[in-house]
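# Structural characterization, general
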Amino acid sequence: MTTASFEHVSPVWTRYTDFVVTHGEGSYLYARDGRRYLDFTCGIAVTNTGHAHPRVVAAIREQAGKLIHGQANLAMHEPMLALIDSLRRVVHPSLDSYFFSNSGAEAIEGALKLARAATGRPNVIVFQGSFHGRTVGTMSLTTSKTVYRAGYQPLMPGVFVAPFPYVYRYGWEPKTTVDWCLEELRFLLMTQTAPEETAAMLIEPILGEGGYVVPPPGFLEGVRALCDEHGILLIVDEIQSGMGRTGRWWGYEHFGIVPDILTLAKGIASGLPLSGVIAREELMEHWKAGTHGGTFGGNVVACAAGVATIAAIQEEHLLENARARGLQLMTGLGHLQEEQPRIGDVRGLGLMVGAEFTAPDGKPDKAAAKQVVHECLDQGLMLLTCGPWDNTIRVIPPLTVSEAEIQEGLAIFAGAVRRL
Ligand SMILES: Cc1ncc(COP(=O)(O)O)c(C=O)c1O
């Protein structure tokens, strides 16, 4: 056992817990002190196949014994080609050209560079409350909280922010909210960034860090239509919502739209660093060789893990499980909301579920959300908060989660809410 303390760990890492984890299995994490935790964070929406899924572990072990680094510029490797094959079976067929990197932020940077290269236009429109990363480029695209940018401004220019239909926050009917947001988006194109200088609109189909906000029907369809009208590319950021999280492979599938450029990361390799930019070949053809890349992008072991991850999701019917367990979770939280008015809103798709806490005066209640998260941790359940006020608890179990584990999580959560 290491004797190192946290003293030399940079404080820039926000720490939710004080325990040192030793291993994980399925829905559970195990700490050095012997305690077991039901992990409904999935390491921030990454371990969609659960911790140490045997199939993924076997693929990693086998690949690590053969080749650990097979740099893509120097020699293409079999696992990357196999991963493209696997992804092509689950991504819309129009998205047929693939680029891989390591982290979500890198994929977003790549997608933006691709959009600029393909259109010859400079600007990008993002949506209020989105999170796209922490690099200088991506924090300029991120508006979910000021903490991600305070102290680092000025940021990259050419970024314009349109409203996202956060129905609970605005307090309007869903259709009114959608109509208003689309009108503001049109207005932005008239008043701040002309269509002919706008390369792309970049959007999360469901806001992640921004509060697990599901847009009502009509919004993404409206954004898609505006992009088509003006020759603007639509980049859909599926870094948190993709890889089966919402009960479908990709969040965009719930809204009947198809992106021009898709970004993925987090769940793709069950925890190994891997991300991707997928786009139509005719767009990728504008991306001149050498103008983007990276030493580690598309690592061979991570790609092998990605192939095993997709196979596990398909063969173990994990999308179906995510839908069934998501319904169980939403139903349980819905019943609790009827009994506990501090839960102002319950929303989500599949196993991407959020419960927003509101004080009796109607204001966002961060203190209540934090107290519930801490009490749940004491009782062995790991949860995260999100949203601009940090008052939404997000529940992100693995897609492998069982009915009994959801029940266990709901019981702990209900106990903590009742003690508020
Ligand atoms: C939607 C979305 N985009 C981008 C990112 C950035 O990914 P990374 O932290 O891997 O850079 C995140 C991370 O939370 C995310 O949720």
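Quick look at the structure, then. Everything numeric here is computed off the predicted structure, so don't read it as measured data.

### As for the packing of aromatic side chains
Aromatic ring pairs are defined here through the distance separating the ring centres and the angle between the ring planes. Counted under the stated rule, the structure contains 10 aromatic pairs. When the centroid spacing of 5.3 Å and the interplanar angle of 80 degrees are considered together, the rings of tryptophan 172 and tryptophan 180 count as edge-to-face. You can call tryptophan 172 partly exposed: its relative accessible area is 34%. When its relative accessible area of 31% is taken as the criterion, tryptophan 180 is described as partly exposed. Among the aromatic residues, ring-to-ring pairing joins Phe127, Phe164 and Phe219 into one connected group. One cation-aromatic arrangement involves arginine 36 over tyrosine 28; the distance from NZ or CZ to the ring centre is 3.8 Å. The ring of tyrosine 170 carries the charged tip of arginine 169 above its face, separated from the ring centre by 5.2 Å.

### As for the sheet that holds strand 9 (residues 261-264)
Spatially, 4-10-9-8-7-5-6 is the arrangement adopted by the 7 strands of the open sheet, whose pairing is mixed. The open sheet has two edge strands with one neighbour each: strand 4 (97-101) and strand 6 (159-162). Pairwise comparison of adjacent strand axes, ignoring direction, gives a mean angle of 20 degrees for this sheet. In terms of strand pairing, strand 5 (residues 123-127) meets strand 7 (residues 198-203) through 3 bridges, oriented parallel. Counted as the bridge partner of isoleucine 125 is methionine 201 from strand 7.

### A word on the site of the ligand
If you check the shell around the ligand, you find Ser103, Gly104, Ala105, Phe131, His132, Gly133, Glu204, Glu209, Asp237, Ile239, Gln240 and Lys266 and nothing else. Taking alanine 105, its main chain carries an N or O atom lying 2.8 Å from an oxygen atom of the ligand. Between the ligand and the protein, one listed contact pairs a nitrogen atom with a side-chain N or O atom of aspartate 237 at 2.7 Å. In isolation the ligand offers 390 Å² of accessible surface; the protein chains occlude 84% of this area. Tallied by class, residues from the shell around the ligand come to 3 nonpolar, 5 polar and 4 charged.

### Describing the nonpolar core
Ranked by internal contacts, the top residues of the largest apolar core, which has 88 residues, are Leu87, Val91, Phe127, Met201, Trp250, Phe357 and Phe413. Looking at this core element by element, the count peaks at 7 residues for helix 13 (residues 403-418). Core analysis: the second largest hydrophobic core is formed by 25 residues, Leu112, Leu114, Val124 and Leu283 among them.

Cut-offs used in this document
Residues numbered from 1 in each chain as written. Predicted model: local features only at pLDDT ≥ 70, side-chain atom pairs only at ≥ 80, totals over all residues. Heavy atoms only, no water. Phe/Tyr/Trp six-rings, centres within 6.5 Å; stacked < 30°, edge-to-face > 60°. Buried < 20%, exposed > 50% of the residue type's maximum accessible area, 1.4 Å probe, protein only. Lys NZ or Arg CZ within 6 Å of the ring centre and 35° of its normal. Pairing = 2+ DSSP bridges. Helix = DSSP H or I, 4+ residues; strand = E, 2+ residues; numbered from the N terminus. Axes fitted to C-alpha atoms, helices over the stretch in contact; angles between N-to-C directions. Near = heavy atom within 4 Å. Polar contact = N/O pair within 3.5 Å; in protein donor to acceptor, adjacent residues only side chain to side chain. Areas by Shrake-Rupley, 256 points an atom, 1.4 Å probe, with all protein chains shown as cover. Nonpolar A, V, L, I, M, F, W, Y, C, P; charged D, E, K, R; others polar. Core = buried A, V, L, I, M, F, W, Y, C linked by side-chain atoms within 4.5 Å.

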